[in-house]
Amino acid sequence: MTIDMLGERVKRTEDPKFITGKGRYLDDIQMPGMTHIAILRSPYAHANIRSIDTSAAKSMPGVIAVFTGADIPYNPLPMAWPAGGVAGIRNNINTPRTLATDSVKWSGEGVAAVVAETAEQAHDALEAITVDWEPLPTVVDAEKATQPGAVQLHENAPNNIVFEWTVGDKAGTDAAVDAAEVVVRQRIVNQRLIPNPMEVRGDIGWYNPGTDEYTVWMSSQTPHIQRLLLTAFVTGIPEHKVRCISPDVGGAFGTKIFCYADMALVMFASKAIGGRPVKWVEGRRESYQSTIHGRDHITYLEIAGKRDGTITGLRVKTFANLGGRLSTIGPGIPTTLYGRVLSGCYKIPNVYCEVTGVYTNTTFVDAYRGAGRPEATYVIERAMDLFAAEIGMDRAELRRRNFIAPDAFPYDNPSGLGTASGGAKIYIDSGNYEPAMDMALAAVGYADLAATKAEAASRGKLLGLGFSTYIEVCGVAPSKWIGAVGEGWGAAMWESANIRVHLTGKTVVTVGTQPQGQGHETTYAQVISHELGIPMDDIVIQHSDTLGTPFGYGSYGSRTSSVGMTAAIKAATKIREKARKFAAHMLEASVDDIEIDGPNYFVKGSPDKKKTIQEIAFALDLGFDPPEGMEPYLDETAYWDTPNCTWPFGTHVAIVEIDKETGQVDLVRYLAVDDVGKKINPMIVDGQLHGGIAQGVGQALWEGAVYSDDGQLLSGSMLDYAMPRASWFPDIELHETVTPSPVNPLGVKGVGEAGAIASTAAVSNAVMDALAPLGIRHLDMPYTPQTVWHAIQTAEVSR
Amino acid sequence: MESVALVVNGVARTVEVEPRRLLVQLIREDLGLTGTHVGCDTSQCGACTVHMDGVAVKSCTVLAVQADGSSVTTIEGMAPEGGLHPLQAAFWEKHGLQCGFCTPGMIMTAADLLASDTDPDDDAIRHALEGNFCRCTGYHNIVAAIREAANKMQVGAATSAEGAPR
């Protein structure tokens with residue numbers, strides 16, 4: 001009898017290899033004849049290339065070839081998600097080339113490459129390349145870049161503007177703000193972050209001269225998409241001549257969604273040197289310049305309402321820094337995934353948002369865990385606290401008065417989800433926000449906050465409690481919305497799965513999604529075991545290789561459980577139906593009389609007249625005696641396009657203590673109530689929340705990418721960028737409410753990003769709560785001792 | 001080239017290396033033991049942690065020639081083939097890993113801690129991980145796994161001290 005493991009805390013099936021050192025990440029791959037490529041990167045953030053002399057490098061030991069941009073005939077990288085959904089919107093697009101040809105727009109843009117027998121020889125030879133540079137003035141701040149007189153990065157982007165995008169009702173919101181009893185205004189900065197998966201990126205390109213085919217191993221979240229983009233848009237190589245493989249991926253957090261120049265470079269180089277494999281692995285410092293960054297918004301927010309706590313309007317103007325050239329979906333993040341969810345879980349009648357996408361002399365910015373939604377949550381949750389303080393109302397009470405009521409779903413969000421192009425109605429389909437907030441505040445002792453603060457004060461500490469009542473849009477869908485021209489990334493967002501029950505009853509599931517540590521091999525197997533009654537041990541989940549898995553869009557945006565696993569359930573349903581028909585044939589019964597209980601297919605009323613799915617697979621796969629019209633083999637493929645996004649929500653609470661003398665902020669308690677719907681594996685869900693929370697806390701308290709005015713990345717290594725360490729965190733307390741999603745059969749919502757979306761605002765609000773008695777209203781993150789100490793000193797001097 | 005003779009996971013090895021070769025390169029590239037990972041280039045992340053003569057070191061910060069004459073243990077040598085060290089079992093049991101990239105370094109550092117402190121509290125565990133980064137887990141379940149392993153190893157030590165069958 002198969003034990004149903006759906007919803008259980010099953011230990012992960014992928015772990016034995018990882019805990020014994022037998023994982024196989026990109027850099028672990030060694031191949032006969034493999035060569036190594038290193039990339040010369042610009043030391044200047046903005047410069048013209050007058051000439052490049054590679055002659056000395058070509059004669060260095062072990063060097064096989066040296067390339068510059070002029071050698072490579074490929075197109076610039078594709079722009080897959082321009083800002084859209086607004087009539088007449090214009091995007092001024094500049095994307096990187098495989099290697100830069102005429103100019104560089106950020107420090108770290110690649111200009112030449114060396115292929116050598118060893119990685120050390122390739123790096124040594126880089127130093128022998130001479131570039132004649134013409135340095136140019138720089139701008140790194142998105143707001144300053146749009147001002148008159150700023151240096152211009154691209155001829156086709158006046159005032160360095162990528163796009164000017166709007167959403168919502170301008171006239172209505174202007175009127176609401178003008179007429180309001182209270183308007184609170186604040187400039188807030190959501191600082192640039194470096195995502196830092198522990199495995200950096202890398203690729204191996206191998207051109208097979210015998211077959212004229214390429215294989216590209218890549219540390220990627222999206223091998224199918226990369227095959228499409230690299231062939232159809234970049235290299236012109238036919239899609240069926242390229243195979244992309246992601247080996248074990250050591251974390252990604254969005255950074256490995258994209259089409260990068262190095263992927264095309266290793267393909268070009270392998271062919272150019274006659275078909276030896278070419279490996280590229282970025283160093284960590286190189287990664288900080290060549291892999292995308294996240295966030296980087298400057299926002300002017302205005303929140304308007306009545307003194308009784310009714311919010312009547314939200315008006316937001318944001319400058320989104322997108323870097324020196326655009327990453328694959330850079331413009332989509334601060335538009336669709338930000339502006340359209342700005343009002344969060346609140347019923348705000350008038351919302352209007354303007355976003356200006358901006359070029360600066362910095363590394364490109366794209367999706368980093370949460371991607372637009374952490375930025376939106378930060379805006380609205382800071383705004384709610386600022387408004388509450390202004391009218392002297394309790395923060396929880398203000399939220400309570402403005403939550404979308406549980407009977408108001410489906411809710412048509414005025415910041416634009418309901419007006420998406422393509423005619424599809426996109427709405428917030430479910431939610432019940434107040435119980436989650438009440439649970440969190442009760443658990444953390446919100447009612448006793450004054451006493452808690454007094455106790456901390458007796459120890460010389462400023463204690464602050466902050467929370468955020470977030471919602472999240474996950475599993476971005478359906479295709480007719482997000483894929484429609486002008487709104488999405490010009491691609492659909494369905495998922496795929498194939499299930500084969502082989503002769504021995506062992507079952508192979510191939511999927512189009514792509515794990516990076518989420519435990520998909522375990523959770524898919526839990527679901528399929530539940531669906532088919534086949535033991536988990538007899539099921540293998542295969543992914544990550546365009547040869548042998550159905551096309552899929554990969555894993556990001558918390559979409560795998562809601563979209564990918566629904567495709568797998570649909571394939572399992574087809575398997576059951578075919579097995580049922582064949583069981584009827586075997587048992588000489590009518591199909592309608594066959595009942596299914598786990599692996600057993602039996603005649604209604606005669607449970608001993610039965611066949612197991614393994615017996616059915618054996619006979620059907622052999623195919624000696626199929627019924628008329630039935631094809632042999634228990635093998636079914638399904639595609640699933642979900643009717644709506646999913647909408648997780650919850651309340652996260654942070655308690656901090658600040659040392660007045662040093663400005664040191666300690667996170668002393670963190671508690672979260674999340675509603676992510678039903679759970680396939682609660683242990684894995686908890687782990688996703690822990691990690692997301694830690695990343696969001698990192699933004700609030702420690703992390704930040706810092707550029708000098710001349711475009712040098714000052715936080716350019718792990719010595720300089722404040723990666724959070726174990727001793728900086730307390731244990732994380734998790735609670736739940738469960739409101740199943742109505743849009744998929746599992747009732748799941750996705751959980752990969754929730755922690756990162758909720759936690760930054762919660763911690764920020766806690767720090768501001770602690771500092772409020774000093775008259776400090778707002779500080780920009782991260783709340784380093786220097787920032788906080790300086791603010792305390794300034795506040796005390798001015799009092 | 002320099003000749004380096006060392007014992008790795010109980011096996012004597014001799015490797016010819018360039019003087020600039022790092023121990024982590026010797027382990028990964030010359031010996032093919034790819035469980036030891038490289039996550040940074042500034043000796044910060046700890047993914048390359050191994051034991052050299054019983055002490056945890058970051059193998060990216062040791063020259064291969066410095067390891068001449070030493071005994072090195074990597075993640076592959078923590079348990080006999082097919083078996084698991086209590087830390088490995090605990091990381092699995094407590095979901096102390098997600099992408100798995102930092103995990104070998106975490107386990108090697110934790111083993112070093114438990115060698116000197118058999119019953120560390122959470123604070124001691126978190127401080128012992130000062131030189132190891134994880135970006136997936138928020139460290140929560142890593143701390144839980146190390147605590148679990150410490151408990152199991154104490155019970156194991158107690159029962160073996162009493163001469164009871166294990």
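The rules behind each value
- Residues numbered from 1 in each chain as written.
- Chains lettered and ligands numbered in written order.
- Predicted model: local features only at pLDDT ≥ 70, side-chain atom pairs only at ≥ 80, totals over all residues.
- Helix = DSSP H or I, 4+ residues; strand = E, 2+ residues; numbered from the N terminus.
- Rg over C-alpha atoms; globule rule 2.2 N^0.38 Å.
- Buried ≥ 20, exposed ≤ 12 C-beta atoms within 10 Å, placed from the backbone.
- Contact = placed C-beta atoms within 7 Å.
- Pairing = 2+ DSSP bridges.
- Domains from an automatic or database assignment.
- Nonpolar A, V, L, I, M, F, W, Y, C, P; charged D, E, K, R; others polar.
- Expected span 1.5 Å × (residues − 1).
- pLDDT = per-residue confidence, 0-100.
- Axes fitted to C-alpha atoms, helices over the stretch in contact; angles between N-to-C directions.
- Parallel < 35°, antiparallel > 145°, perpendicular 65-115°, else oblique.
- Left-handed = near helix turned anticlockwise from the far one by under 90°.

1. Things to note about the overall build of chain A
So, point 1. Secondary structure summary: chain A contains 19 helices and 26 strands in total.
So, point 2. Taken over C-alpha atoms, the radius of gyration comes to 28 Å for chain A, in line with the 28 Å a tight globule of 799 residues would show.
So, point 3. Summarising its shape, the C-alpha atoms of chain A cover approximately 90 × 75 × 55 Å along the three principal directions.

2. Side note on the overall build of chain B
So, point 1. The helix and strand tally for chain B stands at 5 helices and 5 strands.
So, point 2. Taken from the N to the C terminus, the helices and strands of chain B come in the order β-β-α-β-β-β-α-α-α-α.
So, point 3. Relative to the compact-globule value of 15 Å for 166 residues, chain B shows a C-alpha radius of gyration of 16 Å, a close match.
So, point 4. Overall, the C-alpha framework of chain B stretches about 50 × 40 × 25 Å when taken along its three principal axes.
So, point 5. In chain B, buried positions account for 54% of the 166 residues.
So, point 6. Here the analysis covers contacts within chain B between residues at least 6 apart in sequence; of these, 59% occur between residues at least 24 apart.

3. A look at the pairing of strand β1 (residues 2-8) of chain B
Residue and element names in this part refer to chain B.
So, point 1. Taken together, the 7 bridges between β1 and strand β2 (residues 11-17) define a ladder with antiparallel strand orientation. Its bridge partner lying in β2, Val-4 is registered against Val-15.
So, point 2. Counting the residues between successive antiparallel strands, the hairpin from β1 to β2 contains 2 residues, one of them, Asn-9, with a positive phi of roughly 50°.
So, point 3. As paired elements, β1 and strand β5 (residues 71-73) share 2 bridges and run parallel to each other. Counterpart to Val-7 in the pairing with β5 is Ser-71.

4. Structural notes on the domain arrangement of chain B
Residue and element names in this part refer to chain B.
So, point 1. Assigned domains of chain B: these are domain 1 (2-77) and domain 2 (86-161).
So, point 2. Its C-alpha centre places domain 1 at a distance of 22 Å from the equivalent point of domain 2.
So, point 3. Across the boundary between the two partners, domain 1 contributes 15 residues, which contact 11 residues of domain 2.
So, point 4. Going through the elements one at a time, β3 (49-52) and β4 (55-58) are the ones with two or more residues in the side of domain 1 that touches domain 2.
So, point 5. With 3 residues, β3 is the largest single contributor of residues to the side of domain 1 that touches domain 2.
So, point 6. For the side of domain 1 that touches domain 2, the residue count by class is 7 nonpolar, 8 polar and no charged.

5. Let's talk about the interface of chain B and chain A
So, point 1. Across the boundary between the two partners, chain B contributes 40 residues, which contact 41 residues of chain A.
So, point 2. Breaking the side of chain B that touches chain A down by element, the ones donating at least two residues are α2 (86-93), α3 (103-116), α4 (122-128) and α5 (140-161) of chain B.
So, point 3. The greatest single-element share of the side of chain B that touches chain A, amounting to 4 residues, is contributed by α2 of chain B.
So, point 4. In terms of residue class, the side of chain B that touches chain A is made up of 18 nonpolar, 16 polar and 6 charged.

6. What about α3 of chain B?
All names here are of chain B.
So, point 1. Under the 1.5 Å per step criterion, the end-to-end length of α3 is 20 Å for 14 residues, consistent within 8% with the ideal 20 Å.
So, point 2. Among the 14 residues that make up α3, 10 are buried, leaving the element largely enclosed by the rest of the structure.
So, point 3. Among the residues of α3, those classed as buried are Thr-103, Pro-104, Gly-105, Met-106, Ile-107, Met-108, Thr-109, Ala-110, Ala-111 and Leu-114.

7. Side note on the confidence of the model for chain B
Close reading of the predicted structure is inappropriate where its pLDDT is low.
So, point 1. Summarising the model, chain B shows a mean pLDDT of 95, and 96% of its residues fall at 70 or more.
So, point 2. The ipTM value of the predicted complex is 0.97, and its pTM value is 0.97.

8. Observations concerning the domain arrangement of chain A
Residue and element names in this part refer to chain A.
So, point 1. Split into domains, chain A comes out as domain 1 (31-136 + 197-252 + 256-290), domain 2 (294-478 + 644-798) and domain 3 (494-640).
So, point 2. In this structure, domain 1 and domain 2 have C-alpha centres spaced 35 Å apart.
So, point 3. Every contact between the two is made by 27 residues of domain 1 and, on the other side, 26 residues of domain 2.
So, point 4. Of the residues in the side of domain 1 that touches domain 2, the class split is 15 nonpolar, 8 polar and 4 charged.

9. Focus on the packing of α2 of chain B against α3 of chain B
Residues and elements named next belong to chain B.
So, point 1. At a minimum axis separation of 10 Å, α2 and α3 run at an interaxial angle of 130°. Considered as vectors, α2 and α3 are oriented oblique to each other. In the crossing of α2 with α3, the sense of the turn from one axis to the other is right-handed. Facing Leu-87, Gln-88 and Phe-91 of α2, the residues of α3 in contact are Thr-103, Ile-107, Ala-110 and Ala-111.
So, point 2. In terms of residue class, the contact of α2 with α3 is made up of 5 nonpolar, 2 polar and no charged.

10. Points about the sheet that holds strand β23 (residues 634-640) of chain A
All names here are of chain A.
So, point 1. With mixed pairing, the 4 strands of this open sheet are ordered in space as β19-β18-β17-β23. Across the chains shown, the open sheet's two edge strands, defined by having one partner strand only, are β19 (539-542) and β23. Averaged over all pairs of adjacent strands, the angle between strand axes in this sheet comes to 15°, irrespective of strand direction.
So, point 2. Across the sheet, helix α14 (residues 520-532) touches β17 (495-501), β18 (507-511) and β19, and the angle it forms with β19 is around 130°.

11. Thoughts on the sheet that holds strand β1 (residues 35-41) of chain A
Residue and element names in this part refer to chain A.
So, point 1. Sheet architecture is open: 7 strands sit in the order β3-β5-β1-β12-β9-β10-β11, paired in mixed fashion. At either end of the open sheet lies a strand with only one pairing partner, and these are β3 (63-68) and β11 (242-245). Across the sheet, the mean angle separating the axes of adjacent strands is 20° when strand polarity is ignored.
So, point 2. Relative to strand β5 (residues 110-116), β3 is paired through 5 bridges, and the arrangement is antiparallel. Note that in β5 the partner of Phe-67 across the bridge is Ala-113.
So, point 3. In this fold helix α3 (residues 119-126) packs onto β1, β3 and β5, with an angle of close to 25° to the strand it touches most, β1.
So, point 4. Against the sheet, helix α6 (residues 223-235) touches β10 (213-218) and β11, its axis set at about 145° to β11.

12. Considering the packing of helix α15 (residues 560-587) of chain A against helix α16 (residues 613-622) of chain A
Residue and element names in this part refer to chain A.
So, point 1. Two numbers describe how α15 lies on α16: the axes approach to 10 Å, and their chain directions differ by 80°. Viewed along their axes, α15 and α16 adopt a mutual orientation that is roughly perpendicular. Where α15 abuts α16, its residues Ala-579, Phe-582, Ala-583 and Met-586 lie against Ile-613, Ile-616, Ala-619 and Leu-620.
So, point 2. Here the residues of the contact of α15 with α16 sort into 8 nonpolar, no polar and no charged.

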